[in-house]
Amino acid sequence: MFSKYRKLNETDSIKYVREKMDIFGIDEEIKSEEVGNGNINYIYRIVGEDRSSVIVKQADKKLRSSGRDLDRDRIRIEAETLILEEKLAPGMVPKVYFYDSDMSCIVMEDLSDYEIMRDTLVNYNVWERFSENITDFLVKTTLPTTDVVLDQMEKKNRVKQFINPEMCDISEKLVFSQPFKGHKENKVTLENQKFVEDMLYSDENVNLEVAKLKYEFMTNAQALIHGDLHTGSIFIKEDIIKIIDSEFAFYGPIGYDVGNIIANLFFPYIRLMVLKEDYKNNKDFELWIRKTIEEVVDKFQEKSLDYIEENKKEKMSQTENFSKWYVDQIMTYAAGTTGLEIIRRIVGSAKVDDVESIKNDEVKAKAERIAVKIAKKFILNRQELSRGKDYLNIFDKVVDKEL
Ligand code: ADP
Ligand code: MG
């Protein structure tokens, strides 16, 4: 029945799973619910009588929210990335039970007993092992796919395998152009409109630095990266994380993933600082978020250096001081990306709840200003941002002035 592409609905998704898999009994009653909250794909959660369950993620050519067209090949990239990541970092992504290229579906492990990390950070939950886990994921999934480690023929074939033009085009526009050149979908509080024009649109200096970062994103096929690694793509439970939604994966700069993580840790921190009541009641969160930002940067740097020292195979990478140079340039790009991701989430159309859900416009405007100011400094001073405390120093100075 499902050998040629057609878009599923809840009823069909049950028939689909019955046809393709034998995890549910013939007479077993099973239920399906579309649980997707993203704006791109359809996610069906399918549960049997004994509560065994799977997730079916389907990519349709028409986007879930806007109805615009997008190549279904993105789900192949997502599946192949998940399968590779499971090999490189076992247990850190949902298990892929089945990938169906005809139907553009992935049937995967149901992670409903985990929480989406962003939802927990809005409530100031702390996760003690997060910096350890995420830096493991970053190092284990990206560095082994680089020229430093892989045979050059294999690496180039992988670049081909993971070429992802339409998804990259989305990032190139939403992250690297629209927030800086101005765009009709950009939106900030009324009182910050002029501020954003002055700080971003008419600042040629920042535009030039963003252009440099954009050209590196477009041309530096360094490693297979996730491409959209924000806290909404992280399922978390106690001391385990699982990374989902790798449809933006492609061969790009490693620092892009690292910077995305750092940026998304600043959003709940900014929220905490502007909401006075929250600040009084959540001192433990402030301690944890500061420690975590610092550790994500520092541990990533240290683990990367160790990994390269131990695993470098390419001839010229054996040269003295190569590893340090290689990691330094990743850290610089990470700092630039931290700034880019903060700005695009504040100014651009894809908002984050941490700031978007602040009801009082005056308070929200303050959060926007802190965000844009630190982000600009991260971009302009990216070469000097090598340790976690450098990020916190910039943050503290801006917050001191704004609050
Ligand atoms: P999109 O690509 O459309 O953004 P995501 O992969 O981000 O979709 O998933 C959207 C939502 O669907 C997630 O936030 C989560 O609530 C749910 N979801 C996705 N994958 C799983 C999974 N493996 N287990 C449980 N829920 C999932
Ligand atoms: Mg997605």
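Relevant structure appears above.
No experiment lies behind these values; they were computed from the predicted model shown.

Regarding the coordination of the magnesium ion (ligand 2)
- Donor atoms from the polypeptide that coordinate the magnesium ion (ligand 2) comprise Asp245 (OD), Asp245 (OD) and Glu247 (OE), at 2.0 to 2.4 Å from the metal.
- Classification of glutamate 247 as buried rests on a relative accessible area of 2%.

Looking at the nonpolar core
- With 100 residues, the main nonpolar core has Phe130, Phe266, Ile342 and Tyr391 as its most contacted residues.
- Here this core gets 14 residues from one element, more than from any other, and that element is helix 10 (residues 254–274).
- Counting contributing residues per domain, this core is built from domain 1 (10–109) and domain 2 (115–402), each supplying no fewer than three.
- Those residues in contact with isoleucine 342 that lie beyond four places of it in its chain are Ala263, Phe266, Phe267, Ala371, Ile374, Ala375 and Phe378.
- Core analysis: the next-biggest nonpolar cluster, separate from the first, contains 16 residues, Ile14, Met21, Phe24 and Val56 among them.

Describing the pairing of strand 8 (residues 234–237)
- As paired elements, strand 6 (residues 115–116) and strand 8 share two bridges and run antiparallel to each other. Looking across to strand 8, one finds that isoleucine 116 is bridged to phenylalanine 235.
- Sheet analysis places strand 8 next to strand 9 (residues 240–243), joined by four bridges and oriented antiparallel. Considered in strand 9, the bridge of phenylalanine 235 is made with lysine 242.
- Hairpin connection, strand 8 to strand 9: the antiparallel pair is bridged by two residues, and glutamate 238 has positive phi, about 40°.

Re the site of ligand 1
- Residues in contact with ligand 1 amount to 18 residues; listed here are only the nearest, Asn41, Lys57, Leu111, Asp245 and Glu247.
- In this structure, a nitrogen atom belonging to ligand 1 sits 2.9 Å away from a main-chain N or O atom of glutamate 109.
- The separation between an oxygen atom of ligand 1 and a polar side-chain atom of glutamate 247 is 2.8 Å.
- With the chains in place, 90% of the 560 Å² that ligand 1 exposes on its own is no longer accessible.
- Sorting the residues of the shell around ligand 1 by element identifies strand 3 (53–58) and strand 5 (105–109) as the ones contributing at least two each.

Some remarks on the sheet that holds strand 8
- Strands sit in the order 6-8-9 across an open sheet of three strands; the sheet is antiparallel. Every interior strand has two partners, whereas the edge strands, strand 6 and strand 9, have only one.
- The sheet contacts of helix 4 (residues 130–142) involve strand 8 and strand 9, and relative to strand 9 the element is tilted by about 35°.

Looking at the packing of helix 6 (residues 165–174) against helix 9 (residues 204–219)
- Contact pair helix 6 / helix 9: the axes reach a minimum separation of 11 Å and the direction vectors enclose 175°. Here helix 6 lies roughly antiparallel to helix 9, going by the angle between them. Every residue of helix 9 that contacts helix 6 at Cys168, Ser171 and Glu172 is listed here: Lys214, Phe217 and Met218.

Criteria and cut-off values
- Residues numbered from 1 in each chain as written.
- Chains lettered and ligands numbered in written order.
- Predicted model: local features only at pLDDT ≥ 70, side-chain atom pairs only at ≥ 80, totals over all residues.
- Heavy atoms only, no water.
- Donors = N, O, S within 2.8 Å, 3.2 Å for Na, K, Ca; no water.
- Buried < 20%, exposed > 50% of the residue type's maximum accessible area, 1.4 Å probe, protein only.
- Core = buried A, V, L, I, M, F, W, Y, C linked by side-chain atoms within 4.5 Å.
- Helix = DSSP H or I, 4+ residues; strand = E, 2+ residues; numbered from the N terminus.
- Domains from an automatic or database assignment.
- Contact = heavy atoms within 4.5 Å.
- Pairing = 2+ DSSP bridges.
- Near = heavy atom within 4 Å.
- Polar contact = N/O pair within 3.5 Å; in protein donor to acceptor, adjacent residues only side chain to side chain.
- Areas by Shrake-Rupley, 256 points an atom, 1.4 Å probe, with all protein chains shown as cover.
- Axes fitted to C-alpha atoms, helices over the stretch in contact; angles between N-to-C directions.
- Parallel < 35°, antiparallel > 145°, perpendicular 65-115°, else oblique.

From the geometry alone we can't say anything about function, so treat these as descriptive.
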